[in-house]
Structure formats: C-alpha cells, structure tokens
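# Close look at the chain arrangement
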Amino acid sequence: MKYCRRCLYPENHPYGLIFDDQGVCSGCRVHEEKDSLDWSSRLKQLGKLVEPYRNNKTYDCIVPVKGGGDSYFTLHVVKKILGLNPLLVHFNQEYNTRVGIRNLGNLATVFDCDMVTSTVSPDLLKRICRYTLSEFGSMYWHCLCGSLTFPVQVSVRYKIPLIIWGIHPWSDQVGMYSHLDEMEMTEKCRKEHGLMGISADKIVSNVDGITRSDIQQFVYPYENELERIGVRGIYLSNYIRWDSKAQHEKMIEFYGYETLEQQRTFNSYEDVHCFHSAGLHDYIKFIKLGYGKVTDHASREVRLKRMSRAEGIEMVRQYSENIPKDLDMFLEWSNLTKKKFMKCIWNRRDTRIWNMKGAEWVLKDSILNYIDEDTSDVALDKKENCSFIITPSQEPEIKDDNYLLMGRPYMDKYNYGSQECQTKNGGLSNRKSLDYLNIDHPHYKRNIVDEIL
C-alpha cells in the first residue's frame, strides 16, 4: 500500500488519490493553495456572487446545519459577514447526542434564525439502515443522504435558489478539485462522492415494504424542478481559507459552541452531534480500509503545519484500534444482534491492508510502519502546537447514553438565551425557570436552588 510522504493518507482512500513524483498526494498539493491564494480577493468575489440573491421579502439563502461540524462558522460568514438572511435546514439523523441538540438549539438562538427540520419515521430509518448495513456495510447512508438531499428539496419547495454549504470535503481531503474550480453541489457530486453510488431508488426496489412515498425525504428533486427555481449550491471553502480547528475555537469564544471528547480521534470539535460518527461508524471504516477519522484529522493538522508527520502517526497509534463503546446502543436501536452486525462488516476488508491468520484478521500494512521514513524533502515546517479544547459540560447531571430523537430547536430565556438575555460570550444564560427549582427531579443531583441564587 502506498502512503503519502507528507500526510498520512493511503492510496485506498475511497475518494481517490493521485501521487506525484515526490510521493506527495493530490490532497496535500491542492491544500498548498490555502497559503498562496489571495483570500481577500476571493471573499470579495463571494460577495459579488451572492448579491443577486438578496430578497427583502423572504429568505436570501438556505444553510444546511447540524449540531456539530462547521455549521456555526458557516452561519457566521453568511449572516455576520455577507449580511444575508438565511433559512436553516436540518435533517434529523436520529443518532443525536444531547451536546448536539444543545448546540443546534444554541445555533438557532444566537444567530436568531428560522429553521426547518425533517424527522423521518424511526422505524423506516431502521429498516433502511439494516439494508444498507447488510448490502454495503454502511450504517450511515441515511445520515449522508438526508443531509445532502433535504436542503435541496426545501430550496425547491420554498423557491430559495441559493444553498450555501461549508466545506467541499472531497477537495479538502484528496484534492479532487482546485479551489479555483469553484465546484458546486450537484446530484452527481452527491451520489458518486457522498453516497457511494447508492440511490434512494435502489432502497425502494430492494427493501421489503418500502414504497416510493416512504423514501421521499431521500429523493433528489428532478432536473426540471431545479432548473425552474435556478437551484445552485456553493461551498464557502472555495472562497475562504478553511481551517476547521481555528474556526471552531472562534465559535467557542463567540457563541458558546460546546465540544465533546471523542472515542477514536483527538479532535473534540467535529461530529459531536452524533454518537457514532467518531465511534462505531468510524470503526467500520477502519475495518474496511485500515484507517479512520484520526488519520483524516491528523493529515489535516499536518497540512496546516500544527503537527509533524511523526506526531500524526503517533495519534493514529493511540486511537485507530480503539474499540468503540457505542455498539450496544446501535444494536438496541436497529434491532440487530451482535452476530448479524459483525456478519455485515467483518469480511469487507481491503486485503491490501488486512491479512487473515487462522480465524483472525491482522493488520499487515499501516501508516504505523512508516514512522521512521525519511520525508524531510517534502515535510512542512511546523508553525504551532496542536491542542483541542474540551469545554465544560453544560449538562453534567444527565448521563449521555441514549439517542435524543428530538429536542428544543429554539431556546427561550430560561434555557440557552434568547436575543434579549444572551450572555456576553454565548452559551448558557442564568436559569430562572421554576422548573429548575425541583431538586428532587432525578436529573438534578446538585443543589440547584443555591446555584441559581
């Protein structure tokens, strides 16, 4: 297996990698544009691009959001820098953590935005999930498909043509396109890169009892519908120098974004909304490809000159083989036995990475084998150290061990602060509701009355 001599990515990356004569991957080469492009000029170009979409009668654009990731920064740019009036669109993937629900509610509050949410029948999602897990080894297809489809449906339904996404992940990871290509969101991009080529129609034809109307939330609008509204989806990362870590830390400071320690990566900022993204879902990725999110995150920090390659490899050593603790939770939700689950994923391994010895799979090739490789000719100079913040939990008295199907999408003054009583740096406002005076409630172990006073 070939590995990039600058970052940590292997050649079996599912998005596809190209290596140059120095053994540096296309993702690293495109990433170099972040230090060479005139981002001030590109931001002005973005301002000109969105200007024709301003609409005083309704929303100017749609911003897809979730209770984690880069939603805060995307909305900060859209509302505070570009001065647009967005409609937030959220697909409820149902693997929600309480941190994610709090972040989502706080997001709508501190930016004072309207939000539309889609919550699909849990039973339907379970049937779809069991099928995609069995056939494709994916427990996350419905999360990706819903998140990439519902905002476009809302665009057509509400006649709001402009959709503003945050990062173009395929360019950022593997350099699929240059920033100057200014690639936009399309059905082809969604299906081929985001959904592994699996369309919703395939679910209808293969899952018993699921009809076309059942999966409407996963069906991309028809071409004539898109053309009638003039739908286009742009990525901010083509116009703004994208640095997820630095951006999240500003969002923590400005708006009280809440972080969460993750099971299989050092990155405590991303995907905190989901129990499985950096847990079981990532472990499935590791079983298939021999690497997981910690490789994604370390490669990014190497490119941003906050980690050396050796330090990134050490992060892989610490996290990549961690067994996730969220399997039982998923099995209970999906109505699967552990035996059936393992049957779906255990033999989907890339045999260039894995080798069968007896009855066990053994990792025969890994970036760990290359920690002593001399890469000084292509290495980047490290500019700063890499550490991630764990914010204090806003709800320590509640054990976060179950999905939260739905929560309060907008927080009032007794909760996370409306516009009239927002705290200086975002986050929680003082609790004054009489509901919090009930110290006998099982959720409250501390003396809440004394804390409020």
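Above this text you will find the structure in question.
Since the structure is predicted, the reported quantities are computational estimates derived from the model, not experimental observations.

Calculation notes
- Residues numbered from 1 in each chain as written.
- Predicted model: local features only at pLDDT ≥ 70, side-chain atom pairs only at ≥ 80, totals over all residues.
- Heavy atoms only, no water.
- Helix = DSSP H or I, 4+ residues; strand = E, 2+ residues; numbered from the N terminus.
- Buried < 20%, exposed > 50% of the residue type's maximum accessible area, 1.4 Å probe, protein only.
- Lys, Arg positive; Asp, Glu negative; His and termini not counted.
- Salt bridge = Lys/Arg side-chain N within 4 Å of Asp/Glu carboxyl O.
- Polar contact = N/O pair within 3.5 Å; in protein donor to acceptor, adjacent residues only side chain to side chain.
- Contact = heavy atoms within 4.5 Å.
- Phe/Tyr/Trp six-rings, centres within 6.5 Å; stacked < 30°, edge-to-face > 60°.
- Core = buried A, V, L, I, M, F, W, Y, C linked by side-chain atoms within 4.5 Å.
- Axes fitted to C-alpha atoms, helices over the stretch in contact; angles between N-to-C directions.
- Parallel < 35°, antiparallel > 145°, perpendicular 65-115°, else oblique.
- Left-handed = near helix turned anticlockwise from the far one by under 90°.
- Nonpolar A, V, L, I, M, F, W, Y, C, P; charged D, E, K, R; others polar.
- Expected span 1.5 Å × (residues − 1).
- Arc of directions from axis to C-beta.
- Disulfide = S-S within 2.5 Å.

### Remarks on the side chain of aspartate 326
Considering the arrangement of structural elements, one finds aspartate 326 in the loop between α14 (309–319) and α15 (327–334). One buried charged side chain, aspartate 326, makes no salt bridge at all; its nearest oppositely charged neighbour is arginine 264, positioned 7.9 Å away. A polar contact of 2.4 Å, which involves the side chain of aspartate 326, links it to the side chain of histidine 276. Excluding anything up to four places from it in sequence, aspartate 326 contacts Gln263, Phe275, His276, Gly279 and Leu280.

### A short note on the packing of aromatic side chains
Enumeration over the complete set of coordinates arrives at 20 aromatic pairs. Ring geometry for tryptophan 141 versus phenylalanine 218: centroids 5.8 Å apart, planes at 35 degrees, classification tilted. In this pair, tryptophan 141 sits in helix α6 (residues 141–158) while phenylalanine 218 sits in the loop between α9 (200–206) and α10 (223–229), placing the two residues 77 residues apart along the sequence. When its relative accessible area of 1% is taken as the criterion, tryptophan 141 is described as buried. Plain terms: the ring middles of phenylalanine 330 and phenylalanine 341 are 5.9 Å apart, the flat faces sit at 65 degrees to each other, and that makes the pair edge-to-face. In this pair, phenylalanine 330 sits in helix α15 while phenylalanine 341 sits in helix α16 (residues 338–345), placing the two residues 11 residues apart along the sequence.

### So, the pattern of salt bridges
Per the counting criterion, the structure on display carries 28 salt bridges. A salt bridge links glutamate 32 to arginine 6; its shortest N-O distance comes to 2.7 Å. Of the two residues, glutamate 32 sits in the loop between α1 (26–31) and α2 (39–50) while arginine 6 sits in the segment before α1, which places them 26 residues apart along the sequence. Here glutamate 32 falls in the partly exposed class, since its relative accessible area comes to 32%. Residue arginine 42 is joined to glutamate 182 by a salt bridge in which the shortest nitrogen-to-oxygen separation is 3.0 Å. Of this pair, arginine 42 sits in helix α2 while glutamate 182 sits in the loop between α7 (169–174) and α8 (187–194), and the two are 140 residues apart along the sequence. Arginine 42 sits in the buried class, given a relative accessible area of 6%.

### A short note on the nonpolar core
With 110 residues, the main nonpolar core has Tyr95, Leu133, Trp141, Phe218, Phe330 and Phe341 as its most contacted residues. Top element by residues in this core is α6. It accounts for eight residues. Those residues within four positions of tyrosine 95 in sequence are excluded, and the remaining contacts are Cys129, Met139, Tyr140, His142, Cys143, His273, Cys274, Phe275, His276, Phe330, Trp333 and Tyr403. In terms of nonpolar packing, the next biggest core, distinct from the first, is built from 12 residues, Tyr9, Leu17, Leu289 and Tyr291 among them.

### Some details on the packing of helix α13 (residues 293–303) against α14
Where α13 meets α14, the closest approach of the two axes is 9 Å, and the angle between their N-to-C directions is 165 degrees. Regarding the angle of α13 to α14, the classification is roughly antiparallel. Between α13 and α14 lies a crossing whose hand is right-handed. Along its contact with α13, which presents Val294, Thr295, Ala298 and Val302, the element α14 presents Arg309, Gly312, Met315, Val316 and Tyr319. A class-by-class count of the residues in the contact of α13 with α14 yields six nonpolar, two polar and one charged.

### Examining helix α11 (residues 244–255)
Each α-helix turn comprises 3.6 residues. Residues three or four places apart therefore point the same way. Taking 1.5 Å per residue, 12 residues should reach 16 Å; α11 reaches 16 Å between its end C-alpha atoms and fits that length. For α11, the full list of buried residues reads Ser244, Lys245, Gln247, His248, Met251, Ile252 and Tyr255. Looking down the long axis of α11, one finds its buried residues gathered within 165 degrees of arc, a one-sided arrangement. For α11, the secondary structure elements touched by its buried residues are α3 (71–81), α4 (98–110) and α13. Looking one or two residues beyond α11, the residue adopting positive phi is glycine 256, at roughly 75 degrees.

### Notes on the side chain of lysine 126
Mapped onto the secondary structure, lysine 126 falls in helix α5 (residues 122–136). Buried and unpaired, lysine 126 has aspartate 123 as its nearest opposite-charge partner, separated by 6.2 Å. Excluding residues that lie within four positions of it along the chain, lysine 126 makes contacts with Trp333 and Asn335.

### Points about the environment of alanine 108
Tracing the sequence through the fold places alanine 108 in helix α4. Accessibility expressed as a relative area gives 1% for alanine 108, which makes it buried. In this structure the C-alpha to C-alpha distance between alanine 108 and leucine 75, which are 33 residues apart in sequence, comes to 9.7 Å.

### Describing the state of the cysteines
On inspection of all chains with the given rule, the structure shows zero disulfides. The thiol of cysteine 4 is not disulfide-bonded; the next cysteine sulfur, from cysteine 7, is found 3.7 Å away. Taking the relative accessible area as the measure of exposure, cysteine 4 reaches 0% and is therefore buried.

### Digging into α13
With 11 of 11 residues buried, α13 is to be regarded as a mostly interior element. Within the sequence span of α13, burial applies to Lys293, Val294, Thr295, Asp296, His297, Ala298, Ser299, Arg300, Glu301, Val302 and Arg303. Where α13 is buried, its residues meet α1, α7, α11, α12 (280–289) and α14. Two residues or fewer past α13, lysine 305 is found with a positive phi of approximately 65 degrees.

### What to know about unusual backbone geometry
In this structure, lysine 159 takes a positive phi of about 60 degrees despite not being glycine. Mapped onto the elements of the fold, lysine 159 is located in the loop between α6 and β4 (162–165). The exposure class of lysine 159 is exposed, given its relative accessible area of 62%. Positive phi, normally seen in glycine, also occurs at aspartate 271, with a value near 60 degrees. Here aspartate 271 is to be found in the loop between α11 and α12.

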